[in-house]
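# Remarks on the overall topology
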Amino acid sequence: MSTRKMAVVAALVAFIVLVSGQAVSLYRTLTAEAHGVTPALLERVGQATPLVRVTRVERFHGRQAYLALYGTDRNGVAWVAWVRRDGKGPVLAARVEEGISRARIRALVLAQEPGAQIGRIVSGIDEGRPVWEAAYTDTAGRQHYAYFDFYTGAPLKTYRLLKTAS
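Residues numbered from 1 in each chain as written. Predicted model: local features only at pLDDT ≥ 70, side-chain atom pairs only at ≥ 80, totals over all residues. Heavy atoms only, no water.

## Considering the side chain of D138
To keep things clear, this is the line we draw: Only runs of H or I of at least four residues qualify as helices and only runs of E of at least two qualify as strands under DSSP, and these elements are numbered from the N terminus. Whether two residues are in contact is decided by their heavy atoms, any of which lying within 4.5 Å being enough.
The topology assignment puts D138 in the loop between β6 (129-137) and β7 (143-149). Setting aside residues up to four positions removed in sequence, D138 forms contacts with E113 and H144.

Set out below in structure tokens:
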């Protein structure tokens with residue numbers, strides 16, 4: 001292949017990468033905004049934590065509504081930062097590897113409630129500390145919200161809602 005053709009191919013590849021990157025960035029921005037992540041909130045998280053890139057946002061509805069922002073630092077290390085949705089209070093953060101995995105929480109729930117149907121597992125802040133919240137339905141049809149320590153997986157508390165009549 002000639003040098004000119006190689007240059008054209010390289011320019012085309014660079015263009016495709018640039019356009020793809022912008023499309024992904026736009027998607028992430030729109031997704032973040034849909035979860036209530038404002039530019040001011042992102043700036044606050046960026047100042048308080050090593051996060052430089054947010055890849056996923058989750059909502060946590062405990063005593064206070066929090067957002068869990070997952071992403072990476074400059075070295076590609078995975079982090080999670082928790083910030084109140086109203087922007088008040090401290091921003092907390094931890095390396096993802098410091099906590100136990102979502103899969104481990106799933107296993108803990110199923111060990112506690114065999115046959116449970118797990119709806120969602122999200123991280124958040126409860127009473128000032130990072131937690132995992134697992135929402136699930138037991139085999140009798142009752143809804144549960146179980147809380148586990150983010151770092152150890154130790155069970156903290158479980159709320160069981162009354163089964164409603166069908």
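## Re the sheet that holds strand β2 (residues 65-72)
Rules: Following DSSP output, two strands are said to pair if at least two bridges run between them. All axes here are fitted lines through C-alpha atoms, helices being fitted over the stretch that makes contact, and every angle between N-to-C directions spans 0 to 180 degrees.
Strand order in the open sheet made by the 4 strands is β1-β2-β3-β4, with antiparallel pairing throughout. With one partner strand each, in any of the chains shown, β1 (53-61) and β4 (92-95) form the two edges of the open sheet. Between one strand axis and the next, the sheet turns by 20 degrees as a mean value, whatever way the strands run. Bridge count for strand β3 (residues 78-84) against β4 is 4 bridges, and the pairing is antiparallel. For A81, the partnering residue across the bridge sits in β4 and is A93. Packed on one face of the sheet, helix α2 (residues 39-48) meets β1, β2 and β3 and runs near 125 degrees to β3.

## A closer look at the environment of V52
Definition in use: Buried, partly exposed and exposed residues are distinguished by accessible area as a fraction of the type maximum, computed with a 1.4 Å probe on protein chains only: under 20%, between the cut-offs, and over 50%, respectively.
Relative to the assigned elements, V52 resides in the loop between α2 and β1. Its relative accessible area of 47% is what places V52 among the partly exposed residues. Taking the C-alpha atoms as reference points, V52 and W79, separated by 27 residues in sequence, lie 9.8 Å from one another. With sequence-adjacent residues up to four places away left out, V52 is seen in contact with T72, D73 and R74.

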